[in-house]
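# Remarks on the overall topology
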Amino acid sequence: SFLAAPELPELGDLIVGRVGDLCARACSAFSMTVLNLGSTWGDVHAEALEASDLALFVMDQRGTSVEACRQASALARRLGMPGARCSYLVNRCGQRGGVTGLDASLALGGAHVYELPDGGRAVDDLVGAGCPGQLFEQENPLAQGVLDLARRLAGMLGVEPLRDSGENTARRRITGRGARR
């Protein structure tokens, strides 16, 4: 399942104090839950980290994004999340150059960093049109990268990300946090 921030940012405070419960409810229905928490930190993020089995820090190819991710990761550790529960991702790798997974890994003290390929203009067009599922139907490189990443993260958690029956055998939570500035 994918849970995103409310459309109106001012409504985000309505879930403060209830994030753990929301995570538990989502995880009772799905084998893996991803929360997109945006790029700024607050009480909601701390609650989500406490309720999560894994935090995925997402950065783009700018140095400032990598630095923001490094700072967010350090904050997660100060909040008590072990480094083993933190994973990292550089989005839109490839044609545009900029920061690579290796660059980000060095900045993060040698942590493993996943790379998602740039899916090209089709990503912006289809997501903007509200049709992201077509990326998977077209076997877009980004969509294929997302599937591969989901499988890897699920493997780390010991769950199967794609269900072919209506039953869940395990419940785990992943918190996704974009580090953009």
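First, a word on what this report is: a plain description of the structure on this page. Every value quoted in this text rests on a predicted model; they were computed, and no experiment measured them. (Residues numbered from 1 in each chain as written. Predicted model: local features only at pLDDT ≥ 70, side-chain atom pairs only at ≥ 80, totals over all residues. Heavy atoms only, no water.)

Counting 18 residues, the largest nonpolar core has Phe 57, Met 59, Tyr 88, Ala 104 and Val 113 as the members making the most contacts within it. If you list the elements that add at least two residues to this core, you get β3 (54-59), α3 (63-78) and β4 (86-93). Core analysis: the next-biggest nonpolar cluster, separate from the first, contains 17 residues, Met 32, Leu 54, Leu 56 and Leu 157 among them. (Core = buried A, V, L, I, M, F, W, Y, C linked by side-chain atoms within 4.5 Å. Buried < 20%, exposed > 50% of the residue type's maximum accessible area, 1.4 Å probe, protein only. Helix = DSSP H or I, 4+ residues; strand = E, 2+ residues; numbered from the N terminus.)

Turning our attention to the environment of Gln 71. For Gln 71, the position within the fold is in helix α3. Sequence separation of Gln 71 and Leu 108 is 37 residues, and the distance between their C-alpha atoms is 9.5 Å.

The next point concerns α3. With 16 residues, α3 extends 23 Å from end C-alpha to end C-alpha; this agrees with the ideal 22 Å at 1.5 Å per step. For α3, the complete set of buried residues consists of Ser 65, Val 66, Ala 68, Cys 69, Ala 72, Ser 73 and Ala 76. Buried residues in α3, looked at end-on, bunch into an arc of 160°, giving them a common side. Directly after α3, the chain includes Gly 80, whose backbone phi takes a positive value near 105°. (Expected span 1.5 Å × (residues − 1). Arc of directions from axis to C-beta.)

All right, on to the packing of aromatic side chains then. The full count for this structure, using the stated rule, is one aromatic pair. Where Phe 57 meets Tyr 88, the ring centres are 5.6 Å apart and the plane angle is 20°; that geometry is what we call stacked. Placement of Phe 57 in strand β3 and of Tyr 88 in strand β4 is noted, with a sequence separation of 31 residues between them. (Phe/Tyr/Trp six-rings, centres within 6.5 Å; stacked < 30°, edge-to-face > 60°.)

The next thing to look at is the pattern of salt bridges. This structure, assessed with the given rule, holds five salt bridges. Here Arg 70 makes a salt bridge to Glu 67, at a shortest N to O gap of 2.6 Å. Of this pair, Arg 70 and Glu 67 are both found in helix α3, three residues apart, which corresponds to roughly one turn of the helix. Judged by its relative accessible area of 35%, Arg 70 falls in the partly exposed class. (Salt bridge = Lys/Arg side-chain N within 4 Å of Asp/Glu carboxyl O.)

Compared with an ideal rise of 1.5 Å per residue, which puts 17 residues at 24 Å, helix α7 (residues 141-157) spans 24 Å between its outermost C-alpha atoms and is within 8% of the ideal. For α7, the N-terminal cap is Asn 140; the gap from its side-chain oxygen to the backbone nitrogen of Leu 142 is 2.7 Å. (Polar contact = N/O pair within 3.5 Å; in protein donor to acceptor, adjacent residues only side chain to side chain.)

With that settled, the discussion passes to the environment of Leu 22. Note on placement: Leu 22 falls in helix α1 (residues 19-29). Overall, the relative accessible area of 33% leaves Leu 22 in the partly exposed class. In this structure, the C-alpha to C-alpha distance between Leu 22 and Ala 51, residues 29 residues apart in sequence, is 9.5 Å.

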